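Structural overview
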Amino acid sequence: MKKQIVFIGAGNMAEALIKGIINSRLASAKDITATDTNANRLSWIQEEYNIQTNSSNTDAIQKADIIILAIKPQMFPEVLEEIAPAINSQQLIISIAAGVTTAKIENIIGETSKVIRVMPNTPALVQKGVTAITRGFSATEKDELITNKIFGSVGMILNVKEDMMDIITATSGSGPAYIFYFMEAMIEAAEENGMSKIDALNVVTKTVCGAGKLVLLSHEQPKELRENVTSPGGTTQAALEILEKNNFKDLIRKAVSAATSRSKELAK
Ligand SMILES: NC(=O)c1ccc[n+]([C@@H]2O[C@H](COP(=O)([O-])OP(=O)(O)OC[C@H]3O[C@@H](n4cnc5c(N)ncnc54)[C@H](OP(=O)(O)O)[C@@H]3O)[C@@H](O)[C@H]2O)c1
């Protein structure tokens, strides 16, 4: 890409992206800089990925073509106020924070700044992420294509209008946690019925991965695949009847709706 990329915040998501960008050869390590308030984290990430580091946000962004804001949402006002005077209108600003709208960012750094908001998820750590991408007021189609390339290096991308960000946050952003919770329950049930911890973990993990891959590769909908394995009067039907009787789908609907509302509240 021949662009200088600067990460503000060198935490989990920044690391996933740095790894993806380097592995996919989108940019070389020498063209990536990370900043962080945690000096230990900064020296660790420098050694691990051979990237540049800087303890000053304003210093680091001076040579940046792309600035990726990878700090927690509550840090945004403080960090944006800090870096605003050092930003120029040619730089592309990408925010990965949950619930921080492009308008909120533009209010602090100016409407002429090119802002893109994305919502990645943690499977990006293993290059299996899902990232929704939306453009702010002054960002161009070209800026969006560059963003697509960066986040495409850690999984699939979806270009959306900003009003879709709350439901996407509640689906793919928070989604891995729902799946982990479901896995916890399956593991506990298997253990309670005599399976060893390690066997239960392996069996449940491979079952979840296998089921996901089957949906991806079989060209059948989850509903059809479920019906295919549910013989009348069989074991699967016995289990599904319990899930149905206890309103499993309704529970998931309520959970997604609660996450969507929370995302809207955070954006206010
Ligand atoms: N993790 C997810 O599932 C996920 C999914 C989608 C989006 N996101 C978004 O991604 C963003 C980062 O999440 P994360 O999980 O990577 O967080 P994280 O691991 O806590 O990383 C944030 C890093 O930024 C550092 N930092 C704090 N203040 C700073 C400052 N003023 N200047 C530079 N660095 C600073 C933090 O240092 P300290 O630890 O010393 O504070 C920390 O190392 C969040 O906005 C989150 O909403 C996360």
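Residues numbered from 1 in each chain as written. Predicted model: local features only at pLDDT ≥ 70, side-chain atom pairs only at ≥ 80, totals over all residues. Heavy atoms only, no water.

Overview of the side chain of N121
Here is the rule we go by: Numbered from the N terminus, helices here are DSSP runs of H or I no shorter than four residues, and strands are runs of E no shorter than two. Each polar contact in these results corresponds to two N or O atoms within 3.5 Å; when the atoms are within protein, one needs to be able to donate a hydrogen and the other to accept it, and residues that are neighboring in sequence are counted only if both atoms are side-chain atoms. The contact definition used throughout considers only heavy atoms, calling two residues in contact when any of these lie within 4.5 Å.
Among the secondary structure elements, N121 is positioned in the loop between strand 6 (114–119) and strand 7 (129–135). Separated by 2.9 Å, the side chain of N121 and the backbone nitrogen of V130 make a polar contact. In this structure N121 touches M13, G129, V130, S172, G173 and P176, once residues within four positions along its chain are discounted.

Quick look at the pairing of strand 5 (residues 92–95)
Where we set the bar: The buried label applies to any residue whose accessible area, calculated with a 1.4 Å probe on protein chains only, is under 20% of its type's maximum; exposed applies above 50%, and partly exposed to all values in between. The pairing criterion for strands is at least two bridges between them, as found by DSSP. Look down the strands so they point away from you; if the path from the first strand over the helix to the second goes clockwise, the crossover is right-handed.
Burial of strand 5 is two-sided: the residues L92 and I94 facing one way and the residues I93 and S95 facing the other way are all buried. Note: strand 4 (residues 66–69) against strand 5, 4 bridges, orientation parallel. Paired with I68 across the bridge in strand 5 is I94. Handedness of the strand 4-helix 4 (residues 76–83)-strand 5 crossover: right-handed. Where strand 5 lies against strand 6, 4 bridges are found, and the strand directions are parallel. Along strand 6, the bridge assignment pairs L92 with K114. As for the winding sense of the linkage, the β-α-β connection from strand 5 through helix 5 (residues 102–109) to strand 6 is right-handed.

Notes on the sheet that holds strand 6
Selection criterion: Angles shown run from 0 to 180 degrees and are taken between the N-to-C directions of axes, each axis being a line fitted to C-alpha atoms and, for helices, limited to the stretch in contact.
The 8 strands are arranged 3-2-1-4-5-6-7-8 in an open sheet whose pairing can be described as mixed. Two strands in the sheet have a free side with no partner beyond their single neighbour: strand 3 (52–54) and strand 8 (155–159). Taking the axes of each pair of neighbouring strands and ignoring which way they run, one obtains an average angle of 25° across the sheet. Here strand 6 pairs with strand 7 via 4 bridges, running antiparallel. Paired with V118 across the two strands is I133, which belongs to strand 7. Sitting on the sheet, helix 1 (residues 12–23) touches strand 1 (5–8) and strand 2 (32–35), and the angle it makes with strand 1 is about 165°. With respect to the sheet, helix 5 is in contact with strand 5, strand 6 and strand 7, its orientation differing from that of strand 6 by roughly 145°.

Points about the packing of aromatic side chains
Heads up, the rule is: For Phe, Tyr and Trp, where Trp contributes only its six-membered ring, two rings pair if their centres lie within 6.5 Å, and the inter-plane angle classes them as stacked under 30 degrees, edge-to-face over 60, or tilted in between.
As enumerated under the stated definition, the model contains 2 aromatic pairs in all. Ring geometry for W44 and Y49: centres 6.3 Å apart, planes at 80°, overall edge-to-face. Owing to a relative accessible area of 37%, W44 belongs among the partly exposed residues under this scheme. Look at Y49 and you get buried, because its relative accessible area is 14%.

A closer look at the pattern of salt bridges
We apply this condition: Salt bridge, as used here: a side-chain nitrogen of Lys or Arg that lies within 4 Å of a carboxyl oxygen of Asp or Glu.
Counted according to the given criterion, the structure contains 10 salt bridges. The partner of K30 in a salt bridge is D31, with the nearest N and O atoms 3.6 Å apart. By relative accessible area, which is 53% here, K30 ends up exposed. You can call D31 buried: its relative accessible area is 11%. E227 is paired through a salt bridge with K223; the nearest N and O atoms lie 2.9 Å apart. Taken together, the residues span about one helical turn, with E227 and K223 both in helix 10 (residues 222–228) at a distance of 4 residues. A residue is classified by how much of its surface remains accessible, and E227, at 42% relative accessible area, is partly exposed.

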